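# Coordinate inspection notes
The primary structure of each chain is shown beneath.
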Amino acid sequence: MTLKNFAVTFVLGSMALVTVGATSMRAQSHVNSPDPALGAPSVASEESHVNGLTGHAGEGKVLYRRYCIGCHGPDGNGEGMNAQWIDPKPRDFTEGTFKCRSTPTGTLPTDDDLYNAITRGFVTTNMPAWRPLTPQQRADLVAFVKTWSPRWAKEKSGTPLAIPPETPITIDSILRGRQTFQRLECWKCHGPQGHGDGPSASTLTDDKGNPIRPYDFSSGSRFMCGSTNQDLYRIFMTGLDGSPMPSFADVVKPDEAWDLVHFLRTLQPLKTQEASLWQTYKAAHGADIKPIGPDAAAGAQ
Amino acid sequence: MRIKYFLALTIAVLMGGGMLLFANPPAGSGSISGKITYSGTPPKMKPIDMSKEPTCAKQHTTPVLTENVATGPGNALQWVVVYISAGDQESSAPSQAVRYDQKGCQYIPHVLPMVASQQLQIYNDDQTSHNIHPLAKVNSEWNKSQPPGSPPIDTKWEKPEFISVKCNIHPWMHGFFVVLKTPHYAVSSEDGSFEIKGLPAGKYTVTAWQEQYPSQSQDVVISGSENKTANFTFKVLPY
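Residues numbered from 1 in each chain as written. Chains lettered and ligands numbered in written order. Predicted model: local features only at pLDDT ≥ 70, side-chain atom pairs only at ≥ 80, totals over all residues.

### Description of the interface of chain A and chain B
We count it as follows: Contacts here follow a simple rule: the backbone-placed C-beta atoms of the two residues must lie within 7 Å. Basically, the charged four are Asp, Glu, Lys and Arg, the nonpolar ten are Ala, Val, Leu, Ile, Met, Phe, Trp, Tyr, Cys and Pro, and anything else, Gly included, counts as polar.
At the interface, 22 residues of chain A touch 18 residues of chain B. Here the side of chain A that touches chain B is built from residues that sort into eight nonpolar, eight polar and six charged.

Here's what the structure looks like:
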C-alpha cells in the first residue's frame, strides 16, 4: 500500500464512520427509535383521534421541542430547564398518570381528555391554555405525548364515565349534597367551609412527595379540570390520579353526585343559581343549619 | 342398567379426581425456615399521634408505633417478606382471596404478600372515610375513597411489584402490597421467624425483602421432605 493509497483509504474510512455514527444518532432520536431501552419506547406510528382530526407523533415531536420541552423536558419526565422554578411541577409523561380524565381511576385518559387539557391549560399552575396552536397541532401533540409511557402501547384508554342529565337545582338537592359532603368527609381536606383548610390539608403530597394543596372553593377560581357542573361531577367521580384526590365512583350514586355538585357550588363566591337558593335558605333557617366538620360527625347523618 | 349407571359414576369420579391431581403442580413437603435479624442501630419506632382522628385514637390504649423498621427482642426484624425468587414451578394464583383491613387507622397487616392475579379484598372497618392509594409503577396506580360501611374493594394486581400503599387523609397510614410470582412466601413475625412450607424438591433462590433496606438472596437445595435453614441479617441505620 502506497502512502497515497493509505491516505485515500483513511479519508474514505473516516467518512464511512462518520456516516454510520450520524445514522445511529438519528436512530436514537426519540420517535424513530426501534429500541425501547433508549428512553421512551418508539411509537413512530402513534396517532391520536380528536374531533375528526388525526394527530401524528412525528409532527407533534417538532411542536413539543418548540413549545413544551422547556418545562416537560427533553425526556418527557417533567424535568425541563424551567421545572425547578415551577410549583406544582410539570407533568411527568413517562408515568402515564394524568389528573384530568373522563376515565376511571387507574386507567389511561382518552385522546379527547389530553386534547382538552392542552386546550384548557391548568389554572393555578404554569401550564397555559394552548389556544394559539391550531386544533391539528394540538392533536399532533396528543399523539406525541402518548409516546413517552410504555402504558400506551399495552393498554387501551378507560371507558369514559357516563354522566346522566343534571337533576333540577333545588334547595333540597343542595341540602342532600351538604350531607354527602359531610358523610364522604370531603371537609377532611377541603375544610368545613370549603376553604381548602381541613385537618389533613397541610400534610398532602402528590405521588412524587411534593406538597400539594386541595382546591379552595372560596377562591371561586375555575377547577383544574374544567369549569362546568359536568366537569365538577367528573372530577370527584374519576378522581385526580397522581394526587391525593380519590375517585368516589364506587360510593356515590349519580343522583347523590348531582346533589353534591349543587352543594359545592354554594361554597364558591359566584353568582350561581345554587348560591342564591342557599343564601335565601340561610336567611330563613340560619339557626337550624348544623355545622359541617368534626363536630357534626354524629349529627349530620 | 344399574351397572351401566354405576360404571359411569365411577368413571366420572375417577376423572374428577384426576383433574384435581393435575390442576396444580404437586405440593411438596420440604420447607425453609429461619430468622430475620438486624445489625447496627435501627431507627426508633415512633408513637403515632392519631388525635386528629378521635374514632381511631380511642381504639388504641397505647399509641401505635411506626412499622417501617419493626424490631423485636434479640435483634428480630418483623415484616420482612421471604419468598422463592427463582427455581419455583409455574402455578396459577390461589383461588382464595387475600384480605387487607383498615382498622384503627392502621393497615392490617402492614405488609401483605399475594400472588399476581390473586383476588385482593380491601375492607374499611373504621367509622371514618379512608382513601386507598396504591402508588403502583409497574401496575397502574389508582386512588379510591371508601367511607364507613362501604362494601369491600375487590381487585387484583396483574404484575409482580412491591407497591407502597397510603391514605392521604391519614398521612401516618402506610403499608405494602407485595405482589409475587410464587405462592411460596412467608412474612417474618415479631420474633423475626418465618417458614416457607410446601416446597417440592429442587434448587431454589430465597430472597428476603424489607421495605427500607436492599433485598438479600440465598441459594437453598431441598431434597425430599426436609427442612432447611436460611437466616438473613439486614444492616440498619438509625435514620
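So that's the structure; there's more coming.
### Things to note about helix α7 (residues 171-183) of chain A
Residues and elements named next belong to chain A. Note the cut-off: Elements are defined by DSSP. Helices are runs of H or I of four residues or more, strands are runs of E of two residues or more, and each kind is numbered from the N terminus. A helix is expected to span 1.5 Å multiplied by its residue count minus one. Three exposure classes are used. Buried residues have 20 or more other C-beta atoms within 10 Å of their own C-beta, exposed residues have 12 or fewer, and partly exposed residues fall in between, all C-beta atoms being placed from the backbone.
Helix length check: α7 (13 residues) gives 18 Å between terminal C-alpha atoms against 18 Å at 1.5 Å per residue, within 8%. For α7, every residue scored as buried is listed here: S173, I174, G177, R178, T180, F181 and Q182. Where α7 is buried, its residues touch α8 (187-190), α10 (254-266) and α11 (273-285). E185 sits one or two residues past α7 and shows a positive phi near 60°.

### Quick look at the packing of helix α9 (residues 229-238) of chain A against α10 of chain A
All names here are of chain A. Operational definition: The convention used is that axes are lines fitted to C-alpha atoms, helices contributing only their stretch in contact, and that angles between N-to-C directions extend from 0 to 180 degrees. Each crossing gets its hand from how the near helix is turned against the far one by less than a right angle, where anticlockwise is left-handed and clockwise is right-handed.
Where α9 meets α10, the axes come as close as 10 Å, and the angle between the chain directions of the two elements is 115°. In this structure, α9 crosses over α10, and the sense of that crossing is right-handed. Of the residues in α10, those touching α9 at N229, L232, Y233 and M237 are A257, W258, V261 and L264. Looking at the contact of α9 with α10 residue by residue, the class counts come to seven nonpolar, one polar and no charged.

### So, the nonpolar core
The condition is simple: A set of buried Ala, Val, Leu, Ile, Met, Phe, Trp, Tyr and Cys residues, joined to one another through C-beta atoms within 7 Å, is what we call a nonpolar core.
Formed by 52 residues in total, the largest nonpolar core has its most connected members in V80, V81, V82, F177, Y185, I196 and V206 of chain B. Beyond its immediate sequence surroundings of up to four residues, Y185 of chain B is in contact with V81, V82, Y83, P113, L180 and I196 of chain B.

### Some details on the environment of P42 of chain B
Residues and elements named next belong to chain B. If you trace the backbone, P42 turns up in the loop between β1 (30-39) and α2 (54-57). When the C-alpha positions of P42 and Q218 are compared, they lie 23 Å apart, and in sequence the two are 176 residues distant. Excluding residues within four positions of it along the chain, P42 makes contact with V69, T71, V236 and P238.

### Observations regarding the environment of I69 of chain A
Residue and element names in this part refer to chain A. The topology assignment puts I69 in helix α3 (residues 69-72). Residue I69 is classed as partly exposed on the basis of its C-beta count, with 17 C-beta atoms lying within 10 Å. A sequence separation of 12 residues divides I69 from M81, and the C-alpha atoms of the two residues are 8.2 Å apart. Filtering out sequence-adjacent residues up to four positions away, I69 remains in contact with Y64, P74 and G80.

### Here we look at unusual backbone geometry
What you tend to see is this: most non-glycine residues have negative phi, and most peptide bonds are trans. In the segment running from D87 of chain A into P88 of chain A, the intervening peptide bond is cis, with an omega of 0°. A cis geometry characterises the amide bond from I108 of chain B onward to P109 of chain B, with omega recorded as -5°. Locating P109 of chain B in the fold gives a position in the loop between β6 (106-108) and β7 (111-115). Positive phi outside glycine occurs at E185 of chain A, with the angle close to 60°. One non-glycine residue, W79 of chain B, adopts positive backbone phi at about 65°. Along the polypeptide, W79 of chain B turns up in the loop between β3 (76-77) and β4 (81-86).

### Observations regarding the sheet that holds strand β12 (residues 161-166) of chain B
All names here are of chain B. Short version of the rule: Here, strands pair whenever DSSP counts at least two bridges between them.
The sheet built from five strands is open, its strands ordered β7-β13-β12-β9-β10 with mixed pairing. What marks the edges here is a single partner per strand, and that holds for β7 and β10 (144-146). With strand direction ignored, the average angle separating the axes of adjacent strands in the sheet is 25°. Relative to strand β13 (residues 174-180), β12 is paired through six bridges, and the arrangement is antiparallel. Within β13, the position partnered with K166 by the bridge is H174.

### As for the pairing of β13 of chain B
Residues and elements named next belong to chain B. Most of β13 is tucked away: five of the seven residues are buried. Note: β7 against β13, five bridges, orientation parallel. What sits directly across from V115, in β13, is L180.

### Regarding the domain arrangement of chain A
It is common to give the size of an interface as the accessible area that goes away when the parts come together. Residues and elements named next belong to chain A. Going by this rule: Where each domain begins and ends follows an automated or database-derived domain assignment.
Assigned domains of chain A: these are domain 1 (47-154) and domain 2 (171-296). For domain 1 versus domain 2, the separation of C-alpha centres amounts to 28 Å. The interface is formed by 15 residues belonging to domain 1 together with 18 residues belonging to domain 2. For the side of domain 1 that touches domain 2, the per-class residue count stands at six nonpolar, five polar and four charged.

### Thoughts on α10 of chain A
Residues and elements named next belong to chain A. In a regular helix each residue adds 1.5 Å, so 13 residues correspond to 18 Å; α10 covers 19 Å between its end C-alpha atoms and thus fits that length. The buried count for α10 comes to 10 of 13 residues, which makes it a mostly enclosed element. All of the buried residues along α10 are A257, W258, D259, L260, V261, H262, F263, L264, R265 and T266. Structurally, α10 contributes buried residues whose contacts are with α7, α9 and α11.

### Some thoughts on the pairing of β12 of chain B
Taken together, the two bridges between strand β9 (residues 130-134) of chain B and β12 of chain B define a ladder with antiparallel strand orientation. Counterpart to P134 of chain B in the pairing with β12 of chain B is V165 of chain B.

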